[in-house]
4 protein chains.
Amino acid sequence: MPTHHFTPTTYYTSMGTHPAALRVADGDTVITTTVDAFGLDANLNAAAPRGNPMTGPFYVEGAAPGDTLAVTLERIEPNRETGYTAHGLAANVLDPEYVRVMPWESGLAEWRVDLQRRVARLARETALGDLELPIAPMIGCFGVAASRDQAISTYTCAEHGGNMDYRGFREGVTAYFPVFAPGALFYIGDVHALQGDGEIAGTGIEISAEVQFTLRVLKGKAANWPRGENENYIFTVGNARPLDQALQHATTEMVRWLEQDYGLDPMSASYLMGLVVEYEVGNVYDPDYTMICKLPKRLLERYRKG
Amino acid sequence: MPTHHFTPTTYYTSMGTHPAALRVADGDTVITTTVDAFGLDANLNAAAPRGNPMTGPFYVEGAAPGDTLAVTLERIEPNRETGYTAHGLAANVLDPEYVRVMPWESGLAEWRVDLQRRVARLARETALGDLELPIAPMIGCFGVAASRDQAISTYTCAEHGGNMDYRGFREGVTAYFPVFAPGALFYIGDVHALQGDGEIAGTGIEISAEVQFTLRVLKGKAANWPRGENENYIFTVGNARPLDQALQHATTEMVRWLEQDYGLDPMSASYLMGLVVEYEVGNVYDPDYTMICKLPKRLLERYRKG
Amino acid sequence: MPTHHFTPTTYYTSMGTHPAALRVADGDTVITTTVDAFGLDANLNAAAPRGNPMTGPFYVEGAAPGDTLAVTLERIEPNRETGYTAHGLAANVLDPEYVRVMPWESGLAEWRVDLQRRVARLARETALGDLELPIAPMIGCFGVAASRDQAISTYTCAEHGGNMDYRGFREGVTAYFPVFAPGALFYIGDVHALQGDGEIAGTGIEISAEVQFTLRVLKGKAANWPRGENENYIFTVGNARPLDQALQHATTEMVRWLEQDYGLDPMSASYLMGLVVEYEVGNVYDPDYTMICKLPKRLLERYRKG
Amino acid sequence: MPTHHFTPTTYYTSMGTHPAALRVADGDTVITTTVDAFGLDANLNAAAPRGNPMTGPFYVEGAAPGDTLAVTLERIEPNRETGYTAHGLAANVLDPEYVRVMPWESGLAEWRVDLQRRVARLARETALGDLELPIAPMIGCFGVAASRDQAISTYTCAEHGGNMDYRGFREGVTAYFPVFAPGALFYIGDVHALQGDGEIAGTGIEISAEVQFTLRVLKGKAANWPRGENENYIFTVGNARPLDQALQHATTEMVRWLEQDYGLDPMSASYLMGLVVEYEVGNVYDPDYTMICKLPKRLLERYRKG
């Protein structure tokens, strides 16, 4: 399959039916770059507006509403050695009364990212001393054009994907998005060199990157919410507030998936999920939160259809 | 330290200042039995009222309000080979509209628990076939007498612990509870042979068990919420609805803990937590939900005081 | 029916099966006093512990689990001219980011309550100037002993009533509580001279009072949640967090009530409620929130059974 | 000021920077028609796609980002005598377990709307008999183009207004929307002949209508959320899930408004709001819920600036 090397010149802060930046065939691979959440590129130049500006959209030939777009993340490589986080934790992840007294400052903290040694260190004196944290690059925001002629802000997320800020969207993972517009119109950006569960500071280490991914169209395969898989798990993604509702979406979508692809009726699926399901908190900061519902592949192999 | 072999005769369905069942010294170990969530004992006889009847309370000499009670779970061993789960998933973990069509039935499903081979199998024909799941026994409900002369139902959970239904409360774990009453008054019960994250069926495999634990008093060490540690993590426990608020409690408690015992001011703690925190969903079924906030010990060792 | 003049000497901060302060017959009237939320009496003396100390419990002869206790509030009259509110709004009713900058101070603000002219004025210089607000006395916390041998803190509320802080609990209103313990064990206290919807400051004008009420037992009439009626409306009360769940409880309880007492099947009840239901926010400050679901009596008269 | 008679030919189901349907001057009045939520016009013909298709957008000369658009609703008059509601209550307003047993059917119930007598009656045999309910026409969905190049679905609501389904948006009310795009781009539609608080059936009596409104630009007057006023109240509108967050937005916006236009610092505003604030539930059905925060004008007149 061909590989496209694409250099973005326009960036979008909403995910709708914007003009295609590049047309690719089903199965093609794309190598391109992303700016950081603030629009800063590899040279720390302001290349795009703030607020998770996206590279794309990529029009995938043959993708139509009712299909699924499979996106395999092959490489997510920061392309500079400076990243940024917020100072302090987001107000909405703390007890409201504690917010009154919890220290916090505006602006950004700078982190030194050593791409050889794969570690990050805070460029500021704190009680953490010279602590180095191993980096684990991930995609904060990606997905397709939203449904119903919407153009949804890249601050938030919904059925089409978007700003899910789930640290499990890392190299080796395949994400599945329901297609709502002709060509799917795939967008990608907002790489984090490192982020904990929930994006509880309101940021990861925000950084620009080079990314490589392959786009495939699953014809006639419909889903209600994003899905994904990694080496060991299949997972569904619920995007909503509060977290309870995100969990309801992800859980319901997993029941549907087990019925569609694994031949498990909802009652059988329930027995299994009740005993082995796992959840991960994607983000609890963005306008809509993200909850992940996971099942281990080793238990499901015997049921997989086709 | 002495080990007490205790045979319960009375069970409680609320956690308050009920009369002590046994008085033990700081550091003592207790070996006792628990009935299942429905009050059924090792012989499937109804030994207690339904609704998570508790063994205890155990009065720990020297424990006083303002202290912390450390409970190390040394053994959690089912003592019968029949367990029960609900049929289908709980209504509150699914999209409300899907609840209208999702199959469900009242009553209980029986599971065969093979204690030699450490696996459980559903005693009913389903699309799962003869699937066997490895068991992983855990404590569903435990904790101390509640604050302010309350007696809190063992259906729910709060600052004192209670029905947290977190599958991480397994052998080898130490839980820490704030003490609100003289002697702490420790209760334990509601063992599950196996349960997924969130207790999304409204049950695990409910079973009676033999348990062994050691009780220690940490004088003058106060906490707001339950805490715990296992081989690799320290963790805090938030109990509330919705899940967002449980997460706020757990996160805030972790900031406090890092300040108390690790010498990290809240801003330094925030930088660290934002990048490496992990969450687990304890339960999303009980009147109050449970969210776990975790940090890896390997990153914290260098900061640990005393 | 007899009227009891009762002078309290003991106050409780949880609502469970505490010893009866007075036994009364079905239909009796009680005149007694309440201290304020901080335990201060008519002379501003500390007569009880802080935290909504309750007068009672009143044991009503003949009341048994499965019955309903009807409480008609005949008089709620502050008995001193000093009341207290918090400074500023509660953190949990504001946008979390705004909490970081919103002014706030600990301690209490004093209000002058003129019982002749029925107005209250802040005893402090502010931009409000000499604004006088008409008082509207209400009961913040009342109800019966909780279910399942619980003793529930008077900081919060549940099926048994408790700290609902709904300003609609004023003179002339009848409240209905499900009975969980023999004698019902009725508690009352926490009068506010004035409070807006939601108790969004975390307090009303907290004050001590003289109260008169009549207690009647409705044999065999079971409810799941508190109910009430005033001149123009019947209403149900949901107590839970988040507000969405409180609303679900209140709405479901109203469907049940229309079926029980008005002969409306749930579908017919739904058509009506969808078009004429009204809601009021009781409190959005306490550990559990309170939502009121109301229907106008004039529309229901034609359906009322018996 | 001129009055425009406008006949729509195109309808939109998202609120973004779609091409202007009509350009009007600041202060102009528009008389036009709206189709119902299902796209049915005065003759029950399908004139537009389902899902709250909007008449407009109206480009208001002089309106620019940072301004406020004032919309006075002068007339909302159904133009046919057939309306539709859903059957039964929405699943998300009921206790989840009750949803399993609550009756419900798909499709729509027909209502006869008598425009002379101003009443509506269900065209179906139910236990309600021949009950007639007085109609009270309102706007379900209206507002301006969303911020940040978004096009937001008319199923939901946000800072720009949208599908708020608040029955207080009736004749005589003025609504204020923050302007995000040049010309504001005002949309209107989704009239309900009658609806209770919360739109708990998921619909009001959905109907087509003739509407008249006047559009004024308040230059340089910025708001974060929609605001409004009627004869007796000023009010703010919070749109979010859960209801708690909608309430936080509305409450915070009211504090800001009192500071901007009434000279009340946030602490003074807090004292007042804590004692006299009122809330109304707009909708608890749409993807984002709507909560209204109200203050009586009679108390505010003395503080009003300018």
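Residue numbers here run from 1 along each chain, matching the order of that chain's written sequence. Just so you know, chain letters begin at A and ligand numbers begin at 1, following the order they were written in. Only residues with pLDDT of 70 or above have their local features reported here, since the model is predicted, and side-chain atom pairs are shown and tallied only from 80 upward, although totals for entire chains, interfaces and linings are computed over all residues.

Caption draft 1: Quick look at the overall build of chain A. In this description a helix means any DSSP run of H or I spanning at least four residues, a strand means any run of E spanning at least two, and both kinds are numbered starting from the N terminus. A count of helices and strands for chain A gives four helices and 22 strands. With the radius of gyration taken over C-alpha atoms, the globule rule is written as 2.2 Å times the number of residues to the power 0.38. The C-alpha atoms of chain A give a radius of gyration of 19 Å, which matches the 19 Å a tight globule of 306 residues would have. Across its three principal directions, the C-alpha atoms of chain A cover 55 × 45 × 35 Å. Here, residue contact means that the backbone-derived C-beta atoms of the two residues sit within 7 Å. Sequence separation of at least 24 residues holds for 73% of the intrachain contacts in chain A that already meet a minimum separation of 6.

Caption draft 2: Quick peek at unusual backbone geometry. Between Gly-56 of chain B and Pro-57 of chain B the backbone carries a cis peptide bond, its omega angle lying at 5°. Considering the arrangement of structural elements, one finds Pro-57 of chain B in strand 5 (residues 55-60). At Asp-165 of chain C, a residue that is not glycine, the phi angle is positive and equals roughly 50°. Working definition of burial: number of other C-beta atoms within 10 Å of the residue's own, with buried at 20 or more, exposed at 12 or fewer, and partly exposed in between, all C-beta atoms being placed from the backbone. A tally of 30 C-beta atoms within 10 Å means that Asp-165 of chain C is categorised as buried.

Caption draft 3: Fine view of the interface of chain B and chain C. Taken together, the 13 residues of chain B in the interface contact 13 residues of chain C. For the side of chain B that touches chain C, the residue count by class is four nonpolar, six polar and three charged. Note that Gly is not counted as nonpolar here; it falls among the polar residues with everything else outside the nonpolar set of Ala, Val, Leu, Ile, Met, Phe, Trp, Tyr, Cys and Pro and the charged set of Asp, Glu, Lys and Arg.

Caption draft 4: Layout of the relation of the copies chain B and chain C. Least squares is used to superpose the copies, and the fit set is the C-alpha atoms of residues whose pLDDT is at least 70 in both copies. It takes a turn of 180° to lay chain B on chain C, together with a shift of 0.0 Å along the axis; the resulting RMSD is 0.0 Å. Here the copies are linked by what is in effect a two-fold axis. The rotation axis passes nearest to the C-alpha of Ala-151 of chain B in chain B, at a distance of 2.3 Å.

Caption draft 5: Up close: the nonpolar core. Only buried residues count toward a nonpolar core: Ala, Val, Leu, Ile, Met, Phe, Trp, Tyr and Cys, linked into one set through C-beta atoms within 7 Å. Ranked by size, the top nonpolar core spans 423 residues in total, and within it Leu-69 of chain A, Leu-69 of chain B, Leu-69 of chain C together with Leu-69 of chain D carry the most contacts. Not counting residues within four places of it along the chain, the set of residues in contact with Leu-69 of chain C comprises Val-60, Ala-63, Val-144, Phe-177, Val-179, Ala-184, Phe-186, Leu-215 and Val-217 of chain C.

Caption draft 6: Structural context of the interface of chain A and chain B. Chain A puts 50 residues into the contact, and the matching count from chain B is 50 residues. Of all the elements in the fold, those that place two or more residues in the side of chain A that touches chain B are strand 7 (82-87), helix 2 (243-262), helix 3 (266-276) and strand 21 (278-283) of chain A. In terms of residue count, helix 3 of chain A provides more of the side of chain A that touches chain B than any other element does, 10 residues in total. Of the residues assigned to the side of chain A that touches chain B, the class counts are 30 nonpolar, 15 polar and five charged.

Caption draft 7: Structural context of the environment of Leu-299 of chain A. Here Leu-299 of chain A shows up in helix 4 (residues 297-300). Leu-299 of chain A sits 94 residues away from Ile-205 of chain A along the chain, and the two C-alpha atoms are 35 Å apart.

Caption draft 8: Structural context of the packing of helix 2 of chain A against helix 3 of chain A. All names here are of chain A. Axis lines are fitted to C-alpha atoms, over the contacting stretch for helices. Their N-to-C directions set the angle, which ranges from 0 to 180 degrees. Contact geometry of helix 2 with helix 3 gives a least axis separation of 9 Å together with a crossing angle of 120°. One way to sum up the angle between helix 2 and helix 3 is to call them oblique. Viewed along their axes, helix 2 and helix 3 form a crossing whose handedness is right-handed. Note on element contacts: helix 3 touches helix 2 through Pro-266, Ala-269 and Met-273, opposite Met-254, Val-255, Leu-258 and Glu-259. Just so you know how the angles are binned, under 35 degrees is roughly parallel, over 145 roughly antiparallel, 65 to 115 roughly perpendicular, and the rest oblique. With the far helix as reference, a near helix turned anticlockwise by less than a right angle produces a left-handed crossing, and one turned clockwise produces a right-handed crossing.

Caption draft 9: Molecular detail of the packing of helix 2 (residues 243-262) of chain C against helix 2 (residues 243-262) of chain D. Following both chains from N to C, one finds helix 2 of chain C and helix 2 of chain D inclined at 120°, their axes separated by 7 Å at the closest point. Between helix 2 of chain C and helix 2 of chain D, the angle falls in the class oblique. Taken together, the residues of helix 2 of chain D that come into contact with helix 2 of chain C (itself represented by Leu-243, Asp-244 and Leu-247 of chain C) are Leu-243, Asp-244 and Leu-247 of chain D.

Caption draft 10: Here's a closer look at the sheet that holds strand 15 (residues 174-178) of chain C. Residues and elements named next belong to chain C. Spatial ordering of the open sheet is given by 1-4-18-6-15-19-20-22-21, a layout of nine strands whose pairing is mixed. Each end of this open sheet is capped by a strand with a single partner; those strands are strand 1 (3-6) and strand 21 (278-283). Strand-to-strand twist in this sheet, taken as the mean axis angle between neighbours without regard to direction, amounts to 25°. Think of it this way: DSSP has to see at least two bridges between two strands before they count as a pair. Examined bridge by bridge, strand 1 and strand 4 (residues 29-34) share four bridges and lie parallel to one another. The residue of strand 4 that forms the bridge with Phe-6 is Thr-32. Along the sheet, helix 2 contacts strand 19 (227-229), strand 20 (233-240), strand 21 and strand 22 (289-296); its crossing angle with strand 20, the most-contacted strand, is approximately 140°.

Caption draft 11: Focus on the domain arrangement of chain A. Residue and element names in this part refer to chain A. Note that the domain bounds were set by an automatic or database domain assignment. Each assigned domain of chain A is listed with its residue range as follows: domain 1 (3-81 + 135-218) and domain 2 (227-303). Centre-to-centre, using C-alpha coordinates, domain 1 lies 22 Å away from domain 2. The interface is formed by 19 residues belonging to domain 1 together with 18 residues belonging to domain 2. Taken together, the elements giving at least two residues each to the side of domain 1 that touches domain 2 come down to strand 13 (157-158) and strand 15 (174-178). With three residues, strand 15 is the single largest residue contributor to the side of domain 1 that touches domain 2. Of the residues contributing to the side of domain 1 that touches domain 2, the split by class is nine nonpolar, seven polar and three charged.

Caption draft 12: Geometry of the sheet that holds strand 4 (residues 29-34) of chain D. All names here are of chain D. The nine strands are arranged 1-4-17-6-15-18-19-21-20 in an open sheet whose pairing can be described as mixed. The open sheet terminates on both sides in strands that have one partner only, identified here as strand 1 (3-5) and strand 20 (278-283). Taken pair by pair, the neighbouring strands of this sheet meet at an average axis angle of 25°, ignoring direction. Bridge analysis of strand 4 against strand 17 (residues 209-218) gives six bridges, and the strand direction is antiparallel. Within strand 17, the residue paired with Thr-29 across the bridge is Thr-214. Against the sheet, helix 2 makes contact with strand 18 (227-229), strand 19 (233-240), strand 20 and strand 21 (289-296), and its axis sits at roughly 140° relative to strand 19, the strand it touches most.

Caption draft 13: Broad picture of helix 3 (residues 266-276) of chain D. Across the 11 residues that make up helix 3 of chain D, a large majority, 10, are buried. Within helix 3 of chain D, burial applies to Pro-266, Met-267, Ser-268, Ala-269, Ser-270, Tyr-271, Leu-272, Met-273, Gly-274 and Leu-275 of chain D. In the core, the buried residues of helix 3 of chain D are packed alongside strand 7 (82-87), strand 8 (105-114), strand 9 (119-122) and strand 10 (133-134) of chain C together with helix 2 of chain D.

Caption draft 14: Region of interest: the environment of Val-99 of chain B. Structurally, the position occupied by Val-99 of chain B is in helix 1 (residues 96-99). On the neighbour-count criterion, Val-99 of chain B (25 C-beta atoms within 10 Å) is buried. Each C-alpha atom, one on Val-99 of chain B and one on Leu-89 of chain B, is 9.4 Å from the other, the two residues being 10 residues apart in sequence. Setting aside anything within four residues of it in sequence, one finds Val-99 of chain B in contact with Ala-91 and Leu-94 of chain B together with Ala-91, Pro-96, Val-99 and Arg-100 of chain D.

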